[in-house]
Amino acid sequence: MREEHWYEDETGSLVRPYTVTRGRTEPSGRLVIDLMSQVTAVDTGQSEHGVDHAGTALLALVRRGARPVVELAADADLPLTVLRVLLGDLAEAGLVRIDRPRRVAAAGPAADPALLKEIIERLREL
């Protein structure tokens, strides 16, 4: 399977980011897309009619398996701002689900201020 890349190694970007997003710099709506947000393809049973080439290529990556936004940005070779706009479009079309990352409460030894101070002191000694 041939992988598609948005960048040419020697010349840089083949398509300027603002053309991919039609000049938009943020996802439409009130969607917050964090670096660690989990993106999952939604099987709607419908065709992706109305989704442009960039959205279709991104959707193909998401369909390989759910993963965080940061991994999708690396795999798609797209700037994060562009990826967020495209993901917002796909989410509004009902083709992907974007789940905010779960926050883990700090507990145990990692939350101990004395331990953290000791780690800092030892690092300074290095």
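Use the structure listed above.
Quantities reported herein were computed from a predicted structural model and do not represent experimental measurements. What you see as residue numbers is a count from 1 along each chain, following the sequence as written. Local features are withheld for residues below a pLDDT of 70 in this predicted model, meaning they are given only at 70 or higher, and side-chain atom pairs are given and counted only at 80 or more; totals for whole chains, interfaces and linings count all residues. Water and hydrogen atoms play no part in the side-chain values, which are based on all heavy atoms of the structure.

## Digging into the overall build of the protein
Think of it this way: any DSSP run of H or I at least four residues long counts as a helix, any run of E at least two long counts as a strand, and we number them from the N terminus. Secondary structure assignment for the protein yields five helices and five strands. Each helix (α) and strand (β) of the protein, taken in turn from the N terminus, gives the series β-β-α-β-α-β-α-α-β-α. When the 126 residues of the protein are sorted by exposure, 27% land in the buried category. Contacts are residue-level and defined by heavy atoms, with any inter-residue pair within 4.5 Å sufficient. Sequence separation of 24 or more characterises 75% of the internal contacts of the protein that already satisfy a separation of 6 or more. All accessibility values rest on the Shrake-Rupley procedure with a 1.4 Å probe; residue burial counts only the protein chains present in the view. As presented, the protein carries roughly 8,900 Å² of accessible surface, and 53% of it is formed by carbon and sulfur atoms. The cut-offs for exposure are 20% and 50% of the maximum accessible area for each residue type, with area from a 1.4 Å probe on protein chains only; residues under the lower value are buried, those over the upper are exposed, and the others partly exposed.

## Some points on the pattern of salt bridges
For this document, the term salt bridge refers to a Lys or Arg side-chain nitrogen within 4 Å of an Asp or Glu carboxyl oxygen. Applying the stated rule across the entire model yields three salt bridges. Close ionic contact of Arg67 with Asp75 constitutes a salt bridge, the shortest N to O distance being 2.3 Å. Asp99 is the salt-bridge partner of Arg97, the closest N and O atoms lying 3.0 Å from each other.

## A look at the nonpolar core
Formed by 20 residues in total, the largest nonpolar core has its most connected members in Val39, Leu58, Leu72, Leu83, Leu87 and Val96. Taken together, the elements giving at least two residues each to this core come down to α2 (53-63), α3 (69-76), α4 (80-92) and β5 (96-99). For Leu83, the contacting residues outside a window of four places in its chain are Leu58, Val69, Leu72, Ala73 and Leu78. Take the buried residues of types Ala, Val, Leu, Ile, Met, Phe, Trp, Tyr and Cys, join any two whose side-chain atoms come within 4.5 Å, and each joined set is a nonpolar core.

## Some thoughts on α4
Here the expected length of a helix is defined as 1.5 Å per residue gap, with one fewer gap than residues. In this model, α4 (13 residues) spans 18 Å end to end at C-alpha, consistent with the 18 Å of a helix rising 1.5 Å per residue. Within the sequence span of α4, burial applies to Val82, Leu83, Val85, Leu86, Leu87, Gly88 and Leu90. In the stretch just after α4, Gly94 is the one whose phi turns positive, near 80°.

## Re the sheet that holds β5
Taken together, three strands build an open sheet; the order of strands is β4-β3-β5 and the sheet is antiparallel. Of all the strands in the sheet, just β4 (67-68) and β5 have a single pairing partner and so form its edges. Note: strand β3 (residues 38-41) against β5, four bridges, orientation antiparallel. In the strand pairing of β5, Gln38 is matched with Asp99. Angular values range over 0 to 180 degrees, each being the angle between N-to-C directions of two axes fitted as lines to C-alpha atoms, with helices fitted over their stretch in contact. Against the sheet, α2 engages β3, β4 and β5, with an angle of about 100° to β3. Only strands joined by at least two bridges in the DSSP assignment are considered to pair.

## Thoughts on the side chain of Arg67
Looking at the secondary structure, you find Arg67 in strand β4. Pairs of N or O atoms within 3.5 Å make up the polar contacts considered here, provided that, within protein, one atom can donate a hydrogen while the other can accept it, and that residues adjacent in sequence are counted only when both atoms are side-chain atoms. A polar atom in the side chain of Arg67 sits 2.8 Å from the backbone oxygen of Leu61. When near neighbours in sequence (up to four residues on either side) are disregarded, Arg67 contacts Ser37, Gln38, Val39, Leu61, Leu72 and Asp75.

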